[in-house]
Amino acid sequence: MPEPLPRAASPWLELLEELPGAGVTAGDAGRVALRLHGVAAARVDPQHGLAEGDVLVVAVGADAEVGDLVVWWQGQLDQLALAEVSDGYRLDGVAGFPAPILMGSGAAQRGQAGASVYGVVIGRLRQLQAADPQQR
Amino acid sequence: MTAPTEARRVVFHVDLDAFFVAVERVLDPSLHGKPVVVGGSPDGRGVVAAASYEARAFGVRSAMPMARAVRLCPQLVRVRGSRDAYRRASRAVFGLLRELTPRLQKVSIDEAYLDLSGQPLVAGRAFDTALRLQQQVRERFRLDLSVGVASNRLVAKVASGASKPVGVLEVLPGQEQRFLAPLPIRKLPGIGPATAERLHGLRIQTLGALVDADPRRLEAHLGRDVEGLQMRARGIDTSPVRPAQPDALPKSISHETTFPVDRSKLSYLEKRLAELLHATASRLREREAVARTVSIKLRLTDFTTLTRDRTLPHPGREDADFLPTARQLLEDLLDGRTPIRLLGVKLAGIERGAWQPALFEEAKPARTSD
């Protein structure tokens, strides 16, 4: 049984019900929207600029290329994490997420399930809070 | 230190959220939080020009008859609207956008494309730049906008629609096709109701299915540029952002009116036609331009819309240059019985100056009164 990622130490991704304009609807396995939580300001990824509350639109099961931002997992939706595919198809953790444990690594050799790419991040959304009319 | 430069193509599609309503709320803050529409009276033939998100939650939509909107949402607050205020607000916001880049193409009063390719973006990231822009527009004008960020106009436009309200949605480079694939075909700009119906007839519901479809089969049913259509469905679009020239002429000038009650009498319609044509041709003359094509639009009681146009042998500028053709088009469309709800006139094929009376008219001998 793979161990869940420790939330106290890591940011985490919340699965959203739907994001209709981006083609994400409840029950659609081909596309999910994930909200990024627990990203401390100090951990905001300098390259991707990901921040607390950002919504990531993810194509599930898509083939990843070098340079893609991907979501990886160990078979359970509460273990989703972010990484970037770098040269040699290595997955590097971003925005404070840990790098995954891959098949063939020590963890896999200990008989644990290895990490795999869950989907490719194709877009990201950030929405301002609706302005407070009292402040207008 | 030099700011980093975005090497890839970066296009923003900027769309002001519920713009007319938002301007009304700046003018009258008591409208905040209420279901508000801008438009004509429900007692007459008014339609909804714009609806707040609160009104939309009741099913109220733009172009809906106001009477129906009021039935759907009895507590609806209706304001008549102020075109001048909208124009002023639009000019102010687009002035700010032009500070970011002069490569701005305004496509309507509340919508524009910006090309930021090669710009030394302040923080090096298009996404952050869009967020800052959104924040600045709110702080300076108390208006909200949504921004689609992508590698081309087409995908940026779809992305801004998906980001509403008050969002910035960036489609990551290289992911355009994946972003579009699950969306309904009508989300692609350029696919109208007729094309959509034909595609649905082929059981093509999504843009991904359109990409995968056999082009020969598509061509047999659509009879149009299938290759271009499939390219667009893949998210490929090389069309440039075209900044307007300072003295650019509009493609067309039009005026239309909705009658308080449906009308079918030719004499009444001809009188209104002459008034509309005068208003339209006056705007043409103000721009020292000429036009070559006259169009008439009629909307019937059942909302069927009929249009006819005709191109003149010589460009015209005066009311009298267009009126006989406009009258003929009107007569061609009318059967004398069907009630008409709306009448419109459009002048197109607009060019700079160069108006001169037809040569044969110049050659006409002056009439004498003997």
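Everything in this summary refers to the structure shown in the same document.

Rules used throughout
- Residues numbered from 1 in each chain as written.
- Chains lettered and ligands numbered in written order.
- Predicted model: local features only at pLDDT ≥ 70, side-chain atom pairs only at ≥ 80, totals over all residues.
- Heavy atoms only, no water.
- Core = buried A, V, L, I, M, F, W, Y, C linked by side-chain atoms within 4.5 Å.
- Buried < 20%, exposed > 50% of the residue type's maximum accessible area, 1.4 Å probe, protein only.
- Helix = DSSP H or I, 4+ residues; strand = E, 2+ residues; numbered from the N terminus.
- Domains from an automatic or database assignment.
- Contact = heavy atoms within 4.5 Å.
- Pairing = 2+ DSSP bridges.
- 1 Å grid on protein atoms, 1.4 Å probe; cavity = no way out; pocket = protein on both sides within 12 Å on 5 of 7 lines; lining within 4 Å.
- Points joined across faces, edges and corners; volume = space filled by probe spheres on them.
- Nonpolar A, V, L, I, M, F, W, Y, C, P; charged D, E, K, R; others polar.

1. Quick look at the nonpolar core
Counting 68 residues, the largest nonpolar core has Leu-13, Val-71 and Leu-82 of chain A together with Phe-179, Leu-210 and Leu-218 of chain B as its most contacted members. Counting residues per element, this core draws most heavily on helix H6 (residues 153-163) of chain B, at six residues. The residue makeup of this core includes at least three contributed by each of domain 1 (11-17 + 85-176) and domain 3 (181-233) of chain B. Those residues within four positions of Leu-13 of chain A in sequence are excluded, and the remaining contacts are Leu-34, Arg-35, Leu-36, Leu-56, Val-71, Leu-80, Ala-81, Leu-82 and Phe-97 of chain A.

2. Examining the pairing of strand E5 (residues 81-86) of chain A
All names here are of chain A. For E5, a buried count of six out of six residues is recorded, marking the element as mostly surrounded by other parts of the structure. Of the two faces of E5, the one holding Ala-81, Ala-83 and Val-85 and the one holding Leu-82, Glu-84 and Ser-86 are both buried throughout. Where strand E4 (residues 69-73) meets E5, four bridges bridge the pair, whose relative direction is antiparallel. Directly across from Trp-72, in E5, lies its bridge partner Ala-81.

3. A few points about the layout of surface pockets
The gaps left among the atoms become clear once a water-sized probe is rolled over them. Size it by volume and the second largest pocket reaches roughly 480 Å³. Forming the walls of the second largest pocket are 22 residues, and the residues nearest its centre are Gln-47 and His-48 of chain A together with Arg-8, Leu-172 and Pro-173 of chain B. Looking at the lining of the second largest pocket, the elements that each hand over two or more residues are strand E7 (116-127) of chain A together with helix H5 (126-141) of chain B. When grouped by side-chain class, the residues that make up the lining of the second largest pocket number nine nonpolar, five polar and eight charged.

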